[in-house]
Amino acid sequence: MQLEHLQPYAIIEDGPFLRIIFDHSYVTLNVDEETYQFIPSESCEIFINKDLNKVHNLFDVFTFESGKEVLHVTVIDLMHMKEFRSELYGIIHSFYEKRTTIPAAAVQEVVQELERENILRLIDRAIDEGEEAAFVELTNRLSEYEGKVEE
């Protein structure tokens, strides 16, 4: 059994789950050189637990047909197929990527601010502990962040 095509009809966030819904011709399998098209008769979706990043409905049955032949495959059997796991991961990854795209400049700005705040905390600690060398080094580093060079 080989996966030929896997494309979600819809992806829906539903509480702790990400529901990946499939419809006719969105999933195609090749079994013994015969092409089987997905038909949504028993189950038509995969539930991903967002917190655990695991498939929740492993024992649901997907139905495929080729002419008059019908094939029933559990989600766990589909998950045993490397191509299926890879495609499913790609679908999930692209969903989260579209949902959480943050400009690189904004990320860099946040990181720099966190580094600056950390230096300020370390300066406070150096003052509290009377570490003059650490204080001088940290204030110099802080001035570099602020675009100034002090001596």
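Residues numbered from 1 in each chain as written. Predicted model: local features only at pLDDT ≥ 70, side-chain atom pairs only at ≥ 80, totals over all residues. Heavy atoms only, no water.

**Student:** Describe in detail the sheet that holds strand β7 (residues 54-55), supporting the description with residues and values.
**Tutor:** The strand order β2-β3-β6-β7 describes an open sheet built from four strands, whose pairing is antiparallel. A strand with exactly one partner marks an edge of an open sheet, and here the two such strands are β2 (10-14) and β7. Bridge count for strand β6 (residues 45-49) against β7 is two bridges, and the pairing is antiparallel. Each bridged residue has a counterpart across the sheet, and for Asn49 the counterpart in β7 is Lys54. (Pairing = 2+ DSSP bridges. Helix = DSSP H or I, 4+ residues; strand = E, 2+ residues; numbered from the N terminus.)

**Student:** Tell me what's going on with the sheet that holds strand β5 (residues 34-39), and back it up with residues and numbers.
**Tutor:** The strand order β1-β4-β5-β8-β9 describes an open sheet built from five strands, whose pairing is antiparallel. Strands with a single pairing partner mark the edges of an open sheet, and in this sheet they are β1 (2-6) and β9 (69-74). Put simply, the sheet's adjacent strands are angled 30 degrees from each other on average, direction ignored. With three bridges connecting them, β5 and strand β8 (residues 61-66) associate as antiparallel partners. Considered in β8, the bridge of Ile39 is made with Thr63. (Axes fitted to C-alpha atoms, helices over the stretch in contact; angles between N-to-C directions.)

**Student:** Can you lay out unusual backbone geometry for me, pointing to particular residues and giving the numbers?
**Tutor:** Of note, the phi angle at Asp32 is positive, near 50 degrees, even though the residue is not glycine. Within the secondary structure, Asp32 is located in the loop between β4 (27-31) and β5. A relative accessible area of 73% means that Asp32 is categorised as exposed. Positioned with a positive phi, Glu33 is a non-glycine residue whose angle comes to about 60 degrees. Note on placement: Glu33 falls in the loop between β4 and β5. (Buried < 20%, exposed > 50% of the residue type's maximum accessible area, 1.4 Å probe, protein only.)

**Student:** Quick rundown of the layout of surface pockets? Include the residues and the values.
**Tutor:** Taken as a whole, the largest pocket holds about 200 Å³ of empty space. Along the walls of the largest pocket sit Ile48, Asn53, Lys54, Val55, Leu58, Met79, Arg85, Leu88, Tyr89 and Ile92, which together make up its complete lining. With four residues, the single largest contributor to the lining of the largest pocket is helix α2 (residues 82-99). By residue class, the composition of the lining of the largest pocket is seven nonpolar, one polar and two charged. (1 Å grid on protein atoms, 1.4 Å probe; cavity = no way out; pocket = protein on both sides within 12 Å on 5 of 7 lines; lining within 4 Å. Points joined across faces, edges and corners; volume = space filled by probe spheres on them. Nonpolar A, V, L, I, M, F, W, Y, C, P; charged D, E, K, R; others polar.)

**Student:** Help me get a handle on a nonpolar patch on the surface, residues and values and all.
**Tutor:** A surface patch of nonpolar side chains, about 250 Å² in accessible area, is lined by Ile127, Phe135 and Val136. Within the secondary structure, Val136 is located in helix α4 (residues 132-145). (Patch = residues over 30% accessible without salt bridge, like charges linked within 9 Å, V, L, I, M, F, W, Y side chains within 5 Å. Areas by Shrake-Rupley, 256 points an atom, 1.4 Å probe, with all protein chains shown as cover. Salt bridge = Lys/Arg side-chain N within 4 Å of Asp/Glu carboxyl O.)

**Student:** If you had to explain the nonpolar core to someone new, which residues and values would you point to?
**Tutor:** Residues Ile46, Phe64, Phe84 and Leu88 are the most contacted members of the largest nonpolar core, which totals 25 residues. When residues in this core are grouped by element, the largest group, five residues, is from α2. Dropping the residues within four chain positions of it, Leu88 is found in contact with Leu6, Ile20, Ile46, Ile48, Val55 and Met79. The next biggest cluster of nonpolar side chains, apart from the first, holds five residues, and it includes Ile119, Ile123, Ala126 and Leu142. (Core = buried A, V, L, I, M, F, W, Y, C linked by side-chain atoms within 4.5 Å. Contact = heavy atoms within 4.5 Å.)

**Student:** If you had to explain the pairing of β8 to someone new, which residues and values would you point to?
**Tutor:** As defined by bridge partners, β8 adjoins β9 across six bridges and the pair is classed as antiparallel. Residue pairing for β9: Phe62 is matched across the bridge by Val73. Here β8 folds back onto β9 in antiparallel fashion, the turn holding two residues, of which Gly67 has a positive phi close to 65 degrees.

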